[in-house]
Amino acid sequence: MEVLIVGAGAMGQWVGDILSGRDVPSTLPAAESCTVSYYDQDTAVAERAASATGGTAVTTPDTTYDLVCIAVPIGAAQAAIEAHVPRAQAAAIDVTGTMSEPAEALCRHAPGVERASFHPLFSPDNEPGNVPVVVDEDGPTVAFIRDCFAERGNEVFETTAAEHDEAMATVQSKAHAAILAYALAGESVPDRFQTTVSGELQSLVGQVAGGNSQVYADIQEAFDGADDVAAAATRLADADRETFEALYEQLSQS
């Protein structure tokens, strides 16, 4: 099965690593194993991914593929889907991080093939984890991809695009904003003064701030949760003692 992965960063390479050389069942396009090609606007990135996984880097995709996987940043998803998924002969998928817009774009630009949007809720270094999927057009190739992800210990579960995007506003955008706000507001404190709560927060700050700024900016732009975090902080800051205790009690009982 010939596979094209558009976007050869960490997530694209992760997908390629899973598929490279993998035997495919007889229900899939005629081939004994997966052959993976990477395309990236940065040719060096594609070449590194290909070298790491035994794939091939292509400078300009100019043929068709059984499976096309879009693994670009959120802001580049629409353009990449439009440009490349028409090359798909059996299936088109994405792992871009949002669901509603990519699912619609896949349907619009690859109407005659299987389609699904996957979102691994972890960085490749932190696998295994949860992988929600919106299946727009099911079939043997999408089922094969699901099985490949699940075989590595990941929990793959179906959802809707709306349910996914609503959840991401909390678990990604608001969570990240809250952690980064703590980092911006907090002062440097010797470790011997850290509490069990602040110690956990410092660990989370290190995890979030140690990532890719463009990825986190994409998440904030896509799901826009920082304003809600700021509003909640203002409620706490403006609360008198009685109101603060009422808010605390409300949260402790939820």
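A brief structural summary. For clarity, every value in this text was computed on a predicted model and none was experimentally measured.

### Quick notes on the overall build of the chain
- Along the backbone of the chain there are 10 helices and eight strands.
- The principal-axis extents of the C-alpha atoms in the chain amount to approximately 70 × 35 × 30 Å.
- Counting all 254 residues of the chain, 41% fall into the buried class.
- Of all intrachain contacts in the chain linking residues separated by at least 6 positions in sequence, the fraction that spans at least 24 positions is 61%.
- Counting 11 positive and 39 negative side-chain charges, the chain places the averaged centre of each group 3 Å from the other.

### Remarks on helix H5 (residues 140-151)
- Over its 12 residues, H5 runs 16 Å from end to end, which matches the ideal 16 Å to within 8%, given 1.5 Å per residue.
- All of the buried residues in H5 are Thr 141, Val 142, Phe 144, Ile 145, Cys 148 and Phe 149. Angularly, the buried residues of H5 cover 155 degrees about the axis, an arc narrow enough to put them on a single face.
- Here the buried face of H5 lies against helix H1 (10-19), strand E4 (65-70), strand E5 (88-94), strand E6 (114-118), strand E7 (130-137) and strand E8 (155-158).
- Just downstream of H5 lies Gly 153, where phi reads positive at about 95 degrees.

### Side note on unusual backbone geometry
- Cis peptide bonds are those with omega within 30 degrees of zero, and the linkage from Glu 127 to Pro 128 qualifies with 5 degrees.
- Within the secondary structure layout, Pro 128 lies in the loop between E6 and E7.
- In this structure, Asp 224 is a non-glycine residue whose phi angle is positive, near 50 degrees.
- Summarising the element assignment, Asp 224 is placed in the loop between helix H8 (213-223) and helix H9 (226-238).
- Among the residues examined, Asp 224 registers a relative accessible area of 47% and is labelled partly exposed.

Conventions used here
Residues numbered from 1 in each chain as written. Predicted model: local features only at pLDDT ≥ 70, side-chain atom pairs only at ≥ 80, totals over all residues. Heavy atoms only, no water. Helix = DSSP H or I, 4+ residues; strand = E, 2+ residues; numbered from the N terminus. Buried < 20%, exposed > 50% of the residue type's maximum accessible area, 1.4 Å probe, protein only. Contact = heavy atoms within 4.5 Å. Lys, Arg positive; Asp, Glu negative; His and termini not counted. Charge placed at Lys NZ, Arg CZ, Asp CG, Glu CD. Expected span 1.5 Å × (residues − 1). Arc of directions from axis to C-beta.

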